[in-house]
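Given next are the chains, with one letter for each unit.
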Amino acid sequence: MRPLILSGGPAVGKTTCGRALAAAEPRGAYIDGDDVRQIVIAGDATLWSGSEGRAQHALAARNVSALARNLLAAGFAVTASDVLTAETLAVYRAELPECFVVHLAITLEGARARAATRPVSITDDEFELLHRMTAVPPAVDLVLDVTDMAEADQVAALHRAWATASMR
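Residues numbered from 1 in each chain as written. Predicted model: local features only at pLDDT ≥ 70, side-chain atom pairs only at ≥ 80, totals over all residues. Heavy atoms only, no water.

Draft legend 1. Representation of the layout of surface pockets within the structure. Approximately 1000 Å³ is the volume found for the largest pocket. Lining the largest pocket are 35 residues, with Pro10, Lys14, Asp34, Ser121 and Ile122 sitting closest to its centre. Those elements that place two or more of their residues in the lining of the largest pocket are helix 1 (14-23), helix 2 (33-37), helix 3 (51-73), helix 6 (124-134) and helix 7 (151-167). For the lining of the largest pocket, the element with the highest residue contribution is helix 1, accounting for four residues. The residue makeup of the lining of the largest pocket, split by class, is 14 nonpolar, eleven polar and ten charged. (1 Å grid on protein atoms, 1.4 Å probe; cavity = no way out; pocket = protein on both sides within 12 Å on 5 of 7 lines; lining within 4 Å. Points joined across faces, edges and corners; volume = space filled by probe spheres on them. Helix = DSSP H or I, 4+ residues; strand = E, 2+ residues; numbered from the N terminus. Nonpolar A, V, L, I, M, F, W, Y, C, P; charged D, E, K, R; others polar.)

Written out as structure tokens, the structure reads:
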């Protein structure tokens, strides 16, 4: 399977779907871009905090890609999630040329309803900012509107798209 990168705003299902898709494989691994960024304990900067934040976001994309390459070489199917910008998409395309990139789209209201069912680690203002920042995705391979999808339907749609993309 090609490495699968899931993108989109907060509460769109990147982590849930990425983990479920990896778990369904005989040998599957999931990499969370947020977890990779949290490796930086001191001096961390958010995506929306200027040039240092953008640089750290690109660094995390390179690190996610390096982990993915190592896992792929060991025979694992790899899924990953990250909030992509045009700059970080370019990093993934360069570092993981075979990656299949899917942007999960959802309305702000739909994202808020999903977020209300789980702990959220960002403020309401940051949540809305990230949603606005991801409303128009960079040039990904597929945009999937998940606004009215149940979790199982979302995972199934992604699995079909990933399998089809991997056969090409």
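Draft legend 2. Structural detail: helix 4 (residues 86-95). For helix 4, the set of buried residues is Thr88, Leu89, Val91 and Tyr92. The buried residues of helix 4 occupy one face: seen down the axis, they fall within an arc of 155°. Turned more than 90 degrees from where helix 4 packs its buried face, Ala86 and Ala94 sit exposed. Structurally, helix 4 contributes buried residues whose contacts are with strand 1 (4-8), helix 3 and strand 4 (100-105). (Buried < 20%, exposed > 50% of the residue type's maximum accessible area, 1.4 Å probe, protein only. Arc of directions from axis to C-beta. Contact = heavy atoms within 4.5 Å.)

Draft legend 3. Local environment of the side chain of histidine 103. When you line up the elements, histidine 103 lands in strand 4. Take histidine 103: its relative accessible area is 3%, and that puts it in the buried class. Excluding residues within four positions of it along the chain, histidine 103 makes contact with Ser7, Gly8, Thr134, Pro137, Val140, Leu142, Val143 and Leu144.

Draft legend 4. Up close: the sheet that holds strand 4. With parallel pairing, five strands are arranged side by side in an open sheet as 2-3-1-4-5. Lying at the two open borders of the sheet, with one neighbouring strand each, are strand 2 (28-32) and strand 5 (142-145). Each strand axis lies, on average, 20° off the axis of its neighbour in the sheet, ignoring direction. Taken together, the five bridges between strand 2 and strand 3 (residues 77-81) define a ladder with parallel strand orientation. When the bridges of strand 3 are listed, isoleucine 31 appears paired with alanine 80. (Pairing = 2+ DSSP bridges. Axes fitted to C-alpha atoms, helices over the stretch in contact; angles between N-to-C directions.)

Draft legend 5. Up close: the pattern of salt bridges. Inspection of every chain in the model, using the stated rule, returns six salt bridges. Note that arginine 37 is salt-bridged to aspartate 34, the shortest N-O span being 2.6 Å. Pair noted here: arginine 37 and aspartate 34 are both in helix 2, with a separation of three residues, about one helical turn. On the basis of relative accessibility, which here comes to 39%, the residue aspartate 34 falls in the partly exposed class. A salt bridge links arginine 37 to aspartate 82; its shortest N-O distance comes to 2.8 Å. Of the two residues, arginine 37 is situated in helix 2 and aspartate 82 in the loop between strand 3 and helix 4; the sequence distance between them amounts to 45 residues. By relative accessible area, arginine 37 is classed as buried at 19%. Accessibility expressed as a relative area gives 2% for aspartate 82, which makes it buried. (Salt bridge = Lys/Arg side-chain N within 4 Å of Asp/Glu carboxyl O.)

Draft legend 6. Spotlight on unusual backbone geometry. Non-glycine residue alanine 11 carries a positive phi angle of around 65°. Note on placement: alanine 11 falls in the loop between strand 1 and helix 1. Classification of alanine 11 as buried rests on a relative accessible area of 7%.

Draft legend 7. Seen up close, the packing of aromatic side chains. If you walk through the whole model with that rule in mind, you get zero aromatic pairs. Against the face of phenylalanine 76 rests arginine 27, its NZ or CZ located 4.0 Å from the ring centre. (Phe/Tyr/Trp six-rings, centres within 6.5 Å; stacked < 30°, edge-to-face > 60°. Lys NZ or Arg CZ within 6 Å of the ring centre and 35° of its normal.)

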